[in-house]
Amino acid sequence: MDENQTEVVRDFVLAGFSQIPSIETGLFVLFLFFYVSTWIGNVLIMVTVASDNYLNSSPMYFLLGNLSFLDLCYSSVTTPKLLADFLDKDKLIPYDQCIVQLFFLHFVGAAEMFLLTVMAYDRYVAICRPLHYTTIMSRRLCCVLVAASWMGGFVHSTVQTILTIRLPFCGPNQVDNFFCDVPPVIKLACADTFVIELLMVSNSGLISTSSFVVLVSSYSTILVKIRSKEGRRKALSTCGSHLMVVTLFFGPCIFIYARPFSTFSVDKMVSVLYNVITPMLNPLIYTLRNKEVKSAMQKLWDRSGLTWKKQET
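Residues numbered from 1 in each chain as written. Predicted model: local features only at pLDDT ≥ 70, side-chain atom pairs only at ≥ 80, totals over all residues. Heavy atoms only, no water.

Participant: Teacher, can you tell me more about the environment of Leu32 here?
Facilitator: Structurally, Leu32 is set in helix H2 (residues 24-51). The class for Leu32 is partly exposed, based on a relative accessible area of 34%. Spatially, the C-alpha atom of Leu32 lies 9.6 Å from that of Leu82, the residues being 50 residues apart in sequence. (Helix = DSSP H or I, 4+ residues; strand = E, 2+ residues; numbered from the N terminus. Buried < 20%, exposed > 50% of the residue type's maximum accessible area, 1.4 Å probe, protein only.)

So, in structure tokens, the structure goes:
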């Protein structure tokens, strides 16, 4: 392939979420609501955990605050561009911006997978070894595990990005999704991508599938070790919100990344689940099922109201 061919594609065209222009204004309003809700919910969780001494000193809530931050970052990688494209007919994205979006999508997404696995370990220690919980899950270990999650996401994303940017792109240039991701982007390459697809599937697919297996195994171990019915009921109640998050996040990821890079009509809907819906639902799932978080939020609200009244007087 000559030098001119490799420089042809400088912009990609995103296919977008919908091919029906008449409904895009309505979709813009709907997804704007999702995105604003994601910001409000996750920022509220982070502020609540940071402002409450008990929650801030608890390993579980420290990890929950970090999960909210990752959710906020993850949603912000793709949703702002999606909202802009609802109002833009061209839906262009420069090659460099496409690669940057792809990098941060896998960086934050993989970091969240690793963090969810860390949170499952935290629940295992809390339920199966309660007397040693505070000793094992020290603040130092929690910080190390969070840092390791970020580092794991960075390494994973770097590998995915390097494999992508080494490919030549000389047309066509339409990405069959509403954001730049590895599967639809490398299908546009002017080269045989069979080996690279295998490498990427073994990378992304292995991470998502193995993390999911570890999570399910940890919860199964918890239930097996608890003998009493009352204990199992409490364990299920404690881990229920986490299981819900795992199902919503890992299910779509495994569907997308643990198979050969072929396109299905449901891919965009599945992508919406883990890119837009799950980051919005996480705060609701954790707060609605958690009395301690709701109590801390009420105290935060009461303190805010009291401060406001003092300022008025």
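Participant: Which parts of the structure should I look at to understand the packing of aromatic side chains?
Facilitator: Centre-to-centre distance and the angle between the planes together describe a pair of aromatic rings. In total, this model carries 21 aromatic pairs according to the counting rule given. Ring geometry for Phe103 and Phe104: centres 5.2 Å apart, planes at 85 degrees, overall edge-to-face. By relative accessible area, Phe104 is classed as partly exposed at 39%. Taking NZ or CZ as reference, Arg139 lies 4.3 Å from the ring centre of Phe62, over its face. (Phe/Tyr/Trp six-rings, centres within 6.5 Å; stacked < 30°, edge-to-face > 60°. Lys NZ or Arg CZ within 6 Å of the ring centre and 35° of its normal.)

Participant: What is the right way to read the packing of helix H4 (residues 59-86) against helix H7 (residues 139-165) from this model?
Facilitator: The relative placement of two packed helices comes down to the angle between their axes together with the axis-to-axis distance. Closest axis-to-axis distance for the H4/H7 pair is 10 Å, and the angle between their directions is 25 degrees. Judged on the interaxial angle alone, H7 and H4 are roughly parallel. The crossing of H4 and H7 is right-handed. Facing Pro59, Phe62, Leu63, Asn66, Phe69 and Leu70 of H4, the residues of H7 in contact are Arg139, Cys142, Cys143, Val146 and Trp150. Looking at side-chain class alone, the contact of H4 with H7 contains nine nonpolar, one polar and one charged residues. (Axes fitted to C-alpha atoms, helices over the stretch in contact; angles between N-to-C directions. Parallel < 35°, antiparallel > 145°, perpendicular 65-115°, else oblique. Left-handed = near helix turned anticlockwise from the far one by under 90°. Contact = heavy atoms within 4.5 Å. Nonpolar A, V, L, I, M, F, W, Y, C, P; charged D, E, K, R; others polar.)

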